[in-house]
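Each chain, written out:
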Amino acid sequence: PEAPPSSPEAIVLRGIRAGYGDGPDILSDVELVLERGMRLFVLGRNGGGKSTLLHTLSGGIVPRAGSRKLGKDVRIGVFSQDLAQALPKEATGVEH
C-alpha cells in the first residue's frame, strides 16, 4: 500500500555524537538528511558504528550531542536483527 504523506525531510541528524553507556563515542560529528522515498545502505567493518547509527536514527539511542529531528507525520518502524531477544517472553511473535 502507498505510504501516507509526510514531511519531505524524514530524519535529520546534525552534529551527532553517540555511544553506549560511559564508553567512548562511536559516532562523532554526524550530519545526515534522509528525505522521503530515500533508501539507506549501511556498509562497514565490524565495530564501525553501523548499528549505533541505525539505533540513533530510530531513536533507540539518545545522542550525547547534536540533534535528531523527525519530520512531521514520520513514523519509524524497526525490525531488529536480534528479533527473538527483543520479543516479550510472554508473547508470541504474532501477538507482539
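Residues numbered from 1 in each chain as written. Predicted model: local features only at pLDDT ≥ 70, side-chain atom pairs only at ≥ 80, totals over all residues. Heavy atoms only, no water.

Engineer: Looking at this structure, I do not really get the nonpolar core. What am I missing?
Structural biologist: Nonpolar side chains in soluble globular proteins tend to be buried together. Of all hydrophobic cores here, the largest spans 12 residues; its members are Ala10, Ile11, Leu13, Ile16, Ala18, Leu27, Val30, Leu34, Leu53, Leu57, Ile61 and Val74. Broken down by secondary-structure element, the contributors of at least two residues to this core are β1 (9-19), β2 (25-35) and α1 (50-58). Among the elements that take part in this core, β1 stands out by supplying five residues, more than any other. Residues in contact with Ala18, not counting those within four places in the same chain, are Asp25, Ile26, Leu27, Thr52, Thr56, Ile61 and Arg64. (Core = buried A, V, L, I, M, F, W, Y, C linked by side-chain atoms within 4.5 Å. Buried < 20%, exposed > 50% of the residue type's maximum accessible area, 1.4 Å probe, protein only. Helix = DSSP H or I, 4+ residues; strand = E, 2+ residues; numbered from the N terminus. Contact = heavy atoms within 4.5 Å.)

Engineer: Would you take a moment to explain the side chain of Thr56 for this structure?
Structural biologist: Within the element layout of this structure, Thr56 appears in helix α1. Other than its neighbours up to four places away in sequence, Thr56 contacts Ile16, Ala18, Leu27, Ile61, Pro63 and Arg68.

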